[in-house]
Amino acid sequence: MSSMKKLSLRVLAKALVGTLALAAACSAPALAADKAVLVTAIVEHPALDAVRDGVKDELKDEGFEAGKNLKWEYQSAQGNTGTAAQIARKFVGDKPDVIVAIATPSAQALVSATKSIPIVYSGVTDPVAAQLVKDWKPSGTNVTGVSDLLELEKQIDLIKRVVPNVKRVGMVYNPGEANSAVVVKALKELLGKSGITLVEAAAPRTVDVGSAAKSLIGKVDVIYTNTDNNVVSAYESLVKVGNDAKIPLVASDTDSVKRGAIAALGVNYYDLGRQTGKIVARILKGEKPGDIASATSSKLELFVNTTAAQKQGVTLSSDLIKSAKTVIK
């Protein structure tokens, strides 16, 4: 065979191999590579941090690992709603596959910023009142998520188990946080049915939590706190007031018990993050957020702190202590 013919055959063979490779690449299924998930929270505190970590770990188990086939970015608004809006605008401009919004203010900022990029909220008490979704059914929009909504009847029952003769319940909260305003309204109504009065103390900023708690001294038998982000961020200042004035503290955030509350019946926020991560993975795999209904967590855990009870002048019943998943001494 002549050298010219050999050369022509080699060229033809290379062309054929290239054509086959291109065809194979075009017909191969899309890989889960190069997905982008951006995450933001209104503030950093143990509960919200646990949500973030749960999302990340669940995504890894679902095959999306940060630094390998997943771009992962997290930003905190440091408790500032203006910063939350700035982060929302930046994240929307980055055009990721999914944005995870942890807590109500961050979720509201993102829902205002985009109607197309998938948003998965988490740690939002009432997504309907916060105007993230119209109801608990699939939204038909770019928004879905997981709520940390709690049955207030069970919260009232816990308050009564800690302080059996309670007549006045104090609540420190941020009136500007939609989930807190909803809880206050519902709690006031439910407590009233039992002849118990709710005494409110506003803390619009984190630095206001201590002074708001002090304003309740002599006016209440117990202070109850929901998952208000201002309060949870500055919970130690609330604990100081409770210990000094012998006012029992009951929370809905179990991490607050580790920080000095007497008891809390709440969701496991890491598990809430894992639940949220499953939804994010479903969207990354092709589902539309508008086809996925908003969800809640049915897994509640009771934490009690016997040392805090002593400091705040309360003797806990043995039944309450025995029923707790975690007892902190």
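Above: the structure in question.
Caption draft 1: Looking closely at the packing of helix H5 (residues 152-162) against helix H6 (residues 178-193). Running from amino to carboxyl end, H5 crosses H6 at an angle of 60 degrees, the nearest separation of the two axes being 10 Å. Judged by the angle between their axes, H5 and H6 are oblique. Crossing of H5 against H6: the hand is right-handed. In this structure, H5 uses Leu152, Glu153 and Ile156 to contact H6, whose residues at the interface are Val183, Ala186, Leu187, Leu190 and Leu191.

Caption draft 2: Broad picture of unusual backbone geometry. Despite not being glycine, glutamine 78 shows a phi value in the positive range, around 55 degrees. Along the polypeptide, glutamine 78 turns up in the loop between strand S2 (70-76) and helix H3 (81-94). On the basis of relative accessibility, which here comes to 55%, the residue glutamine 78 falls in the exposed class. For lysine 246, which is not a glycine, the phi torsion comes out positive at approximately 55 degrees. Inspection of the secondary structure assignment puts lysine 246 in the loop between helix H9 (235-245) and strand S9 (249-251).

Caption draft 3: View of the sheet that holds strand S11 (residues 295-296). Sheet architecture is open: six strands sit in the order S2-S1-S3-S4-S5-S11, paired in parallel fashion. On the outer flanks of this sheet lie S2 and S11, each paired with one strand and no other. Across five bridges, the pairing between strand S1 (residues 35-41) and strand S3 (residues 98-102) is parallel. Note that in S3 the partner of leucine 38 across the bridge is isoleucine 99. Docked against the sheet, helix H4 (residues 104-113) engages S1, S3, strand S4 (119-124) and strand S5 (143-147), running at close to 160 degrees with respect to S4.

Parameters and conventions
Residues numbered from 1 in each chain as written. Predicted model: local features only at pLDDT ≥ 70, side-chain atom pairs only at ≥ 80, totals over all residues. Heavy atoms only, no water. Axes fitted to C-alpha atoms, helices over the stretch in contact; angles between N-to-C directions. Helix = DSSP H or I, 4+ residues; strand = E, 2+ residues; numbered from the N terminus. Parallel < 35°, antiparallel > 145°, perpendicular 65-115°, else oblique. Left-handed = near helix turned anticlockwise from the far one by under 90°. Contact = heavy atoms within 4.5 Å. Buried < 20%, exposed > 50% of the residue type's maximum accessible area, 1.4 Å probe, protein only. Pairing = 2+ DSSP bridges.

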